[in-house]
Amino acid sequence: MKPIDFSKVPSPSYVVDERLLTKNLELLKSIQDRTGCRILLALKGFSMHSTFPLVGEYLAGITASSLHEARLGYEKMGKEVHVYAPAYIEHEMDELLGYVDHIVFNSFNQWAQFKEKVKSAGKTIECGIRVNPEYSEIETALYDPCYTNSRLGTTLANFDKSQLDGIDGLHFHAMCEQNSDTLERIIEVVEEKFGDVLHQMKWLNFGGGHHITRADYDVEKLVNIINYIQEKYNLLVYLEPGEAVALNTGYLVATVLDIQKNGMDLAILDTSATCHMPDVLEMPYRPMIIGSGQANEFAHTYRLGGLTCLAGDVIGDYSFDQPLKPGDRLVFTDMAHYSMVKNHMFNGVNLPSIVSYNDEEGSKVIREFKFEDYSGRLS
């Protein structure tokens with residue numbers, strides 16, 4: 001595979017390699033083909049809509065968590081549009097229903113509030129209830145939908161079987177960057193608590209968090225789980241990964257602006273953890289940089305920081321074979337998912353450009369941002 005020349009793209013910029021994206025999509029489609037399940041792109045993880053025509057060649061559609069996400073998927077991909085939100089906003093509902101094919105409610109209260117509106121939408125919209133199995137293996141509470149007192153989903157104690165008329169399916173989401181052995185254990189709990197209801201359903205949505213395109217992911221186990229559930233309950237399985245679609249397909253290209261010293265060597269970049277890769281601070285995690293090592297692994301160690309005035313805008317400590325100097329380019333890996341969708345313009349810091357790469361066109365700048373993008377979201 002021809003390497004990307006990162007010196008030819010703007011800095012900073014997100015660069016998505018469509019060749020790697022296609023490789024992920026091919027794997028996901030193979031699971032659909034082997035099981036008959038349907039896999040949806042979760043826009044909360046990856047919403048680079050210039051790639052939606054490509055994604056739509058492989059996947060069944062998108063899943064959204066808001067009106068704007070639903071409209072984006074409807075207009076830019078034009079396939080199935082599913083939506084789930086912890087609560088829906090009354091004055092948005094008519095427009096939202098114009099875009100969606102499936103709508104999942106977080107509670108029976110929400111279902112009761114909007115069921116007549118769904119029925120009178122002028123088209124068939126399948127409805128579901130999100131359940132909370134009260135079991136997960138996620139260690140970071142920020143990303144655990146099933147932590148104690150979670151607002152996400154209906155627990156068994158609050159599951160009202162008398163209100164199931166008009167409900168076509170159930171939805172659960174209890175995973176984050178995990179393998180299919182975790183899904184297997186979650187399914188056991190879901191069956192134990194809601195198995196009697198599943199016999200009445202047309203579909204079961206396994207939610208997201210499935211790290212399907214990771215090198216060590218057990219695809220065969222996932223296929224077996226899907227087939228088992230579909231055959232036992234005579235229903236259709238949906239999965240809605242976001243991260244797995246774009247995993248290891250993108251980069252963030254940045255440039256060193258200045259070198260300082262304060263007890264150790266410091267490098268300030270033209271990018272920002274808080275603005276451009278917020279999961280570095282929220283998860284937290286340490287992104288890889290091509291050609292770098294852990295602190296003190298190579299001869300020259302630097303603490304890399306962003307250009308905002310937030311004291312904690314620090315990406316991490318990295319070492320390099322050669323000293324860094326202003327103008328050097330650094331390339332962070334795995335920067336397609338949960339980057340563009342979560343970035344912001346704190347301090348008025350500009351957003352990275354968005355770039356795609358394929359063998360036919362090379363590097364193509366899809367979008368560059370300007371002052372108007374900053375001022376336009378304020379008043």
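*Asks:* Explain the overall build of the chain here, please?
*Replies:* Within the chain, the regular secondary structure consists of 11 helices and 16 strands. Computed over its C-alpha atoms, the radius of gyration of the chain comes to 22 Å, within 12% of the 21 Å expected for a compact globule of 379 residues. Oriented by its inertia axes, the alpha-carbon framework of the chain measures out at about 65 × 45 × 45 Å. Every one of the 379 residues in the chain was classed for burial, and the buried ones make up 56%. Counting every atom, the chain has about 16,900 Å² of accessible surface; 48% of that belongs to carbon and sulfur.

*Asks:* I tried to follow unusual backbone geometry on my own but got confused; where do I start?
*Replies:* Glycine aside, a negative phi is what most residues show, and trans is what most peptide bonds show. Cis geometry marks the peptide bond from S11 to P12; its omega dihedral reads -5°. Along the polypeptide, P12 turns up in the segment before β1 (13-17). The omega angle of the peptide bond from M283 to P284 is -15°, so this bond is cis rather than trans. Here P284 is to be found in the loop between α10 (279-282) and β12 (300-305). Positive phi, close to 55°, is recorded for D334, a residue that is not glycine. Considering the arrangement of structural elements, one finds D334 in the loop between β14 (329-333) and β15 (353-358).

*Asks:* Would you mind going over the sheet that holds strand β6 (residues 126-130) with me for this structure?
*Replies:* Adjacent strands of a sheet pair through backbone hydrogen bonds, lying either parallel or antiparallel. Taken in spatial order, the eight strands line up as β2-β3-β4-β5-β6-β7-β8-β9 and close into a barrel, and their pairing is parallel. Shown here is a sheet whose adjacent strand axes are inclined to one another by a mean of 25°, direction ignored. Packing of helix α5 (residues 108-119) onto the sheet brings it into contact with β5 (102-105) and β6, and relative to β5 it is tilted by some 150°.

*Asks:* Explain the pattern of salt bridges here, please?
*Replies:* Using the criterion set out here, one finds 24 salt bridges in the structure. Residues E220 and R34 are paired through a salt bridge, measuring 2.8 Å at the closest nitrogen-oxygen approach. Separated by 186 residues along the polypeptide, E220 in helix α7 (residues 219-233) and R34 in helix α1 (residues 18-35) bring together distant segments of the chain. Here R34 falls in the partly exposed class, since its relative accessible area comes to 42%. Notably, a salt bridge pairs R71 with E75, separated by 2.8 Å at the nearest N-O pair. In this pair, R71 and E75 are both assigned in helix α3 (residues 67-76), four residues apart and thus about one turn of the helix distant. In this structure R71 comes out as partly exposed when scored by relative accessible area, which is 38%.

*Asks:* Explanation requested: the pairing of β14 in the structure shown.
*Replies:* Strand residues, when the strand is regular, have side chains that alternate between the two faces of the sheet. The buried fraction of β14 amounts to four of the five residues, a majority that puts the element mostly inside the structure. In terms of strand pairing, strand β10 (residues 250-261) meets β14 through five bridges, oriented antiparallel. Along β14, the bridge assignment pairs T255 with R329.

*Asks:* When you look at the packing of aromatic side chains in this model, what are you seeing that I'm missing?
*Replies:* For any pair of aromatic rings, the description consists of the separation of the ring centres together with the inter-plane angle of the planes. Across all of its chains, the model carries 12 aromatic pairs by this definition. An angle of 80° between the planes, with centres 5.6 Å apart, marks the rings of Y88 and F105 as edge-to-face. With Y88 in the loop between β4 (80-84) and α4 (93-99) and F105 in strand β5, the pair connects residues that are 17 residues apart, well separated along the chain. The pair formed by Y88 and F105 is uniform in burial state, with each residue classed as buried. An aromatic cluster of at least three residues, connected via ring pairs, comprises Y88, F105, W111 and F114.

*Asks:* Just checking my understanding: could you explain α7 for this structure?
*Replies:* Since one α-helical turn is 3.6 residues long, residues separated by three or four positions face the same way. In this model, α7 (15 residues) spans 21 Å end to end at C-alpha, consistent with the 21 Å of a helix rising 1.5 Å per residue. Along α7, the residues that are buried comprise V219, L222, V223, I225, I226, I229, Q230 and Y233. All buried residues of α7 lie within an arc of 160° about the axis, which places them on one face of the element. Facing away from the buried surface of α7 by more than 90 degrees, the exposed residues are N224 and E231. Next to the buried residues of α7 lie α1, α6 (180-198), β8 (203-205) and β9 (236-239). For α7, the side-chain oxygen to backbone nitrogen distance between the N-cap and E220 is 3.3 Å, and the N-cap itself is D218. Residue N234 follows α7 closely and has a positive phi angle near 55°.

*Asks:* Please explain the nonpolar core as it appears in this structure.
*Replies:* Note that soluble globular proteins tend to have their nonpolar side chains buried in a common cluster. L41, Y88, I103, L170, F206, L304 and F332 are the most contacted members of the largest nonpolar core, which totals 106 residues. Other than its neighbours up to four places away in sequence, L170 contacts I129, V131, F159, F194, V197, L198, M201, W203, L204 and N205. Membership of the second largest hydrophobic core comes to 10 residues, among which are I4, L20, Y251 and V331.

*Asks:* Is there a simple way to think about the packing of α6 against α7 in this case?
*Replies:* Two measures define how a pair of helices packs: the angle their axes make with one another and the distance between the axes. Their axes nearest at 10 Å, the elements α6 and α7 cross at an angle of 10°. The angle between the axes of α6 and α7 places the two elements in the roughly parallel class. Between α6 and α7, the contacting residues are S180, D181, L183, E184, I187, E191, G195 and L198 on the first element and K221, L222, I225, Y228, I229, K232 and Y233 on the second. Of the residues in the contact of α6 with α7, the class split is eight nonpolar, two polar and five charged.

*Asks:* Would you mind showing me how to read a nonpolar patch on the surface here?
*Replies:* Residues L281, L310 and F346 make up a contiguous nonpolar surface patch of about 230 Å² in total accessible area. Judged by its relative accessible area of 35%, L281 falls in the partly exposed class.

*Asks:* I'm lost on the packing of α1 against α7 in this one. Help?
*Replies:* Where α1 contacts α7, the axes come no closer than 10 Å and their chain directions differ by 35°. Where α1 crosses over α7, the handedness of that crossing is right-handed. Seen from α1, the contacting residues are L27, I31, R34 and T35; seen from α7, they are V219, E220, L222, V223, I226, N227 and Q230. Its residues assigned to classes, the contact of α1 with α7 shows six nonpolar, three polar and two charged.

What counts, and where the lines are drawn
Residues numbered from 1 in each chain as written. Predicted model: local features only at pLDDT ≥ 70, side-chain atom pairs only at ≥ 80, totals over all residues. Heavy atoms only, no water. Helix = DSSP H or I, 4+ residues; strand = E, 2+ residues; numbered from the N terminus. Rg over C-alpha atoms; globule rule 2.2 N^0.38 Å. Buried < 20%, exposed > 50% of the residue type's maximum accessible area, 1.4 Å probe, protein only. Areas by Shrake-Rupley, 256 points an atom, 1.4 Å probe, with all protein chains shown as cover. Pairing = 2+ DSSP bridges. Axes fitted to C-alpha atoms, helices over the stretch in contact; angles between N-to-C directions. Contact = heavy atoms within 4.5 Å. Salt bridge = Lys/Arg side-chain N within 4 Å of Asp/Glu carboxyl O. Phe/Tyr/Trp six-rings, centres within 6.5 Å; stacked < 30°, edge-to-face > 60°. Expected span 1.5 Å × (residues − 1). Arc of directions from axis to C-beta. Polar contact = N/O pair within 3.5 Å; in protein donor to acceptor, adjacent residues only side chain to side chain. Core = buried A, V, L, I, M, F, W, Y, C linked by side-chain atoms within 4.5 Å. Parallel < 35°, antiparallel > 145°, perpendicular 65-115°, else oblique. Nonpolar A, V, L, I, M, F, W, Y, C, P; charged D, E, K, R; others polar. Patch = residues over 30% accessible without salt bridge, like charges linked within 9 Å, V, L, I, M, F, W, Y side chains within 5 Å. Left-handed = near helix turned anticlockwise from the far one by under 90°.

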